[in-house]
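# Breakdown of the fold
Here is how the chains run, residue by residue.
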Amino acid sequence: MGNSGRIQTRQNMPAWVQTVGAMLAEGCEVRAMCQVCRRWEPVDLAKIAAAKGPDYSLIDRRSRCRFTPGCKGWVRFAYLLGVFRPLWTTAAAERWMRGS
């Protein structure tokens, strides 16, 4: 739910974080983070846009950690708006906690 206690949905995220292309146009800073090895790394949005297209979204996306050899964690994404804010919805967080 985040610090505010409200339910996070795609609709209440800023328009400029909805797609990789919109984040590039806005000059948005995005980080990938693993909660197991605790690494935070910058995300190359241009590289993602070139591979997946500008309409690709990082919202509710995750992948296995490749930051630390042997880490079994999942990498999720966060965008900078004063502080780093999650690019995942409450529904996705709940689904991930259940292991689905």
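Chains are numbered independently. Their residues run from 1 in the order of the written sequence. Reporting in this predicted model follows two pLDDT cut-offs: at least 70 for local features of residues, and 80 or more for side-chain atom pairs to be given and counted; totals over whole chains, interfaces and linings ignore these cut-offs and use all residues. Note: side-chain values were computed over all heavy atoms of the structure, leaving out hydrogens and water.

Helix and strand counts for the protein come out as 3 helices and 5 strands. Overall, the protein shows an N-to-C arrangement of helices and strands of α-β-β-α-β-β-β-α. By the compact-globule yardstick of 13 Å for 100 residues, the protein fits well, its C-alpha radius of gyration being 13 Å. Structurally, the protein occupies a C-alpha span of about 35 × 35 × 25 Å along its principal axes. In the protein, which comprises 100 residues, the proportion classed as buried is 36%. The long-range share in the protein, meaning contacts at least 24 apart out of those at least 6 apart in sequence, stands at 59%. All accessibility values rest on the Shrake-Rupley procedure with a 1.4 Å probe; residue burial counts only the protein chains present in the view. For the protein, the exposed area adds up to about 6300 Å²; of that, 53% sits on carbon and sulfur atoms. Only four residue types enter the charge count: Lys and Arg as positive, Asp and Glu as negative, with His and the chain ends excluded. A single reference atom marks each charge: NZ on Lys, CZ on Arg, CG on Asp, CD on Glu. With 16 positive and 7 negative side-chain charges, the protein shows a spacing of 9 Å between the two charge centroids. Comment: elements are numbered from the N terminus, with helices defined as DSSP H or I runs of at least four residues and strands as E runs of at least two. Throughout, the radius of gyration refers to the C-alpha atoms, and the reference size of a globule is 2.2 Å times the residue count to the power 0.38. Exposed residues in this analysis have more than 50% of their type's maximum accessible area, buried residues have under 20%, and partly exposed residues fall in between, with area computed by a 1.4 Å probe over protein chains only. The contact criterion used throughout is that any non-hydrogen atoms of two residues lie within 4.5 Å.

What follows deals with the nonpolar core. Remark: nonpolar core denotes a set of buried residues (Ala, Val, Leu, Ile, Met, Phe, Trp, Tyr, Cys) joined through side-chain atoms within 4.5 Å. Among the nonpolar cores identified, the biggest contains 20 residues, and Met23, Val30, Val43, Leu58 and Leu87 are the most heavily contacted of them. Going through the elements one at a time, helix H1 (20-26), strand E1 (30-34), helix H2 (45-52) and strand E4 (74-81) are the ones with two or more residues in this core. Aside from chain neighbours lying at most four places away, what touches Met23 is Trp16, Val17, Cys28, Val30, Leu45, Leu58 and Leu87. Residues Trp88, Ala92, Ala93 and Trp96 belong to the second largest nonpolar core, which totals 5 residues.

To continue, consider the packing of aromatic side chains. Side-chain rings of Phe, Tyr and Trp, where Trp is taken by its six-membered ring, are said to pair if the distance between their centres is within 6.5 Å; with planes under 30 degrees apart they count as stacked, over 60 as edge-to-face, and otherwise as tilted. This structure, assessed with the given rule, holds 2 aromatic pairs. Between Trp16 and Tyr79, the ring centres sit 5.6 Å apart and the planes meet at 90 degrees, which makes this aromatic pair edge-to-face. Taken together, the residues Trp16 in the segment before H1 and Tyr79 in strand E4 connect sequence positions 63 residues apart. By relative accessible area, which is 22% here, Trp16 ends up partly exposed. A relative accessible area of 4% places Tyr79 in the buried class. With 5.7 Å between their ring centres and 55 degrees between their planes, Trp40 and Phe84 make a pair best called tilted. With a gap of 44 residues between them, Trp40 in strand E2 (residues 40-42) and Phe84 in strand E5 (residues 83-86) connect regions that are remote in the sequence.

These figures come from the coordinates and say nothing about function on their own.
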